[in-house]
Amino acid sequence: MDTQKSSSIYSSLVQSKAEGKKLLAILVDPDKFQPQHATDFLKTIPDQTTHLFVGGSEVPQGATELTVKSLKPSGLPIVLFPGSHTQLTEAADGLLFLSLYSGDNPEYLIGQQRKAARYLKESRLEVIPTAYLLIDGGNQSAVARVTQTQALPQDNIEDIVDVALAAQYCGARCLYLEAGSGALVPVSAAIIQAVRKAINLPLIVGGGIRSSAQMQAAYAAGADMLVMGTAFENQD
Ligand code: 1GP
C-alpha cells in the first residue's frame with residue numbers, strides 16, 4: 001500500500017478556490033458531543049456540508065477518536081482542528097496544523113507543534129499548515145483563554161492584513177480567520193475582503209456564524225470555506 005501522505009483535502013481546497021466553489025465545514029467539539037447520537041446529528045447538518053471538523057479547546061483524552069469514528073458514516077472528509085496535540089488521531093483524514101499567528105505565545109506558535117511532530121511523521125494524516133488568526137468576536141473566547149493571547153481588534157484591519165501576510169511569507173498554506181466559537185460578532189466582511197485581496201491562500205472563516213445571511217456575506221467577501229459549530233450543537 002502507498003505510504004505517501006495524501007494531499008487530497010488541501011488539493012480540493014485549492015481547486016474549489018480556483019473554481020469559486022464555496023465550502024462548508026461543520027465543527028464538532030468532542031467535549032460536547034455524544035458519539036452515540038452521531039447518526040441523528042448527521043441528519044441535522046446542511047446538505048451543502050463538504051467537510052467535518054473535529055476539535056475543541058479542552059477535550060478529554062480519547063474523546064476525539066471516538067467522535068471521529070462515530071462520524072465516519074457521513075462519508076465526508078474528517079479534518080482535525082485541535083486545541084492541543086493530545087487530540088491527534090489517525091482515524092481522521094487530515095489535520096489543520098495550526099499556528100496561532102495572532103498571538104505571541106510560543107506554546108501555540110511552535111510548542112504544541114513540536115509535541116505533535118513525531119506522531120505526525122509516523123502517521124498517514126494529511127497535514128495542512130494553517131495560520132490561525134484570532135479576531136475579536138465581542139466576547140472572551142475559549143481560544144483566548146486557553147492560549148493566554150489577545151484577539152486582534154476588528155477595527156484594525158491593516159494589522160490583521162499584516163499578520164496574514166506575515167503568515168503567508170512564513171509558509172502557511174491556508175489561513176483561518178477565527179472570531180471564536182460562540183462569538184457575538186463574526187469576522188466582518190471588510191476584514192475578509194481585505195485579507196482576500198492581500199493573500200492568495202485558501203481562506204477559512206469561522207466563529208459566530210449562525211444565519212444564511214451571515215454565510216452569504218462571508219462567502220461574497222471572499223471566504224472559501226466557512227466553519228459553523230454552535231449553530232448545530234445540542235440539537236438532540
Ligand atoms: C470555532 O470557528 C469555529 O472554532 C466555529 O464557531 O461555534 O461560533 O460556529 P461557532
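### Concerning helix α4 (residues 106-122)
Then comes step 1: Taking 1.5 Å as the rise per residue, α4 with 17 residues should run 24 Å; its terminal C-alpha atoms sit 24 Å apart, in good agreement.
Then comes step 2: Along α4, the helix axis deviates most sharply at Ala116, where the bend reaches about 40°.
Then comes step 3: Taken as a whole, α4 has its buried residues at Tyr108, Gly111, Gln112, Gln113, Ala116 and Leu120.
Then comes step 4: Structurally, α4 contributes buried residues whose contacts are with β4 (94-100), β5 (126-134) and α5 (142-147).
Then comes step 5: The distance from a side-chain oxygen at the start of α4 to the backbone nitrogen of Glu107 is 3.0 Å, and the residue carrying that oxygen is Asn105.

### Re the pairing of strand β2 (residues 51-54)
Then comes step 1: Across the two faces of β2 the burial is the same, with His51 and Phe53 and Leu52 and Val54 all buried.
Then comes step 2: As paired strands, strand β1 (residues 23-28) and β2 are joined by 4 bridges and run parallel to one another. Within β2, the position partnered with Val28 by the bridge is Val54.
Then comes step 3: The parallel pair β1 and β2, bridged by helix α2 (residues 38-44), forms a crossover whose chirality is right-handed.
Then comes step 4: Since β2 and strand β3 (residues 78-80) lie parallel, the crossover through helix α3 (residues 63-71) that links them has a hand, and here it is right-handed.

### Let's talk about the nonpolar core
Across soluble globular proteins, nonpolar side chains have a tendency to be buried as a group.
Then comes step 1: By size, the foremost hydrophobic cluster in this structure holds 53 residues, and its most contacted members are Leu71, Leu133, Leu175, Leu177 and Val195.
Then comes step 2: Among the elements that line this core, the one with the most residues is helix α6 (residues 157-169), at 5 residues.
Then comes step 3: When residues no more than four places from it in sequence are discounted, the contact partners of Leu177 are Leu133, Ile135, Val187, Ile191, Ile192, Val195, Leu203, Ile204, Val205 and Gly206.
Then comes step 4: Ranked by size, the runner-up nonpolar core spans 23 residues in total, among them Leu13, Tyr108, Val143 and Cys174.

Thresholds applied
Residues numbered from 1 in each chain as written. Predicted model: local features only at pLDDT ≥ 70, side-chain atom pairs only at ≥ 80, totals over all residues. Heavy atoms only, no water. Helix = DSSP H or I, 4+ residues; strand = E, 2+ residues; numbered from the N terminus. Expected span 1.5 Å × (residues − 1). Bend = angle between axes of the 7 residues up to and from the residue. Buried < 20%, exposed > 50% of the residue type's maximum accessible area, 1.4 Å probe, protein only. Contact = heavy atoms within 4.5 Å. Polar contact = N/O pair within 3.5 Å; in protein donor to acceptor, adjacent residues only side chain to side chain. Pairing = 2+ DSSP bridges. Right-handed = clockwise from strand over helix to strand, strands pointing away. Core = buried A, V, L, I, M, F, W, Y, C linked by side-chain atoms within 4.5 Å.

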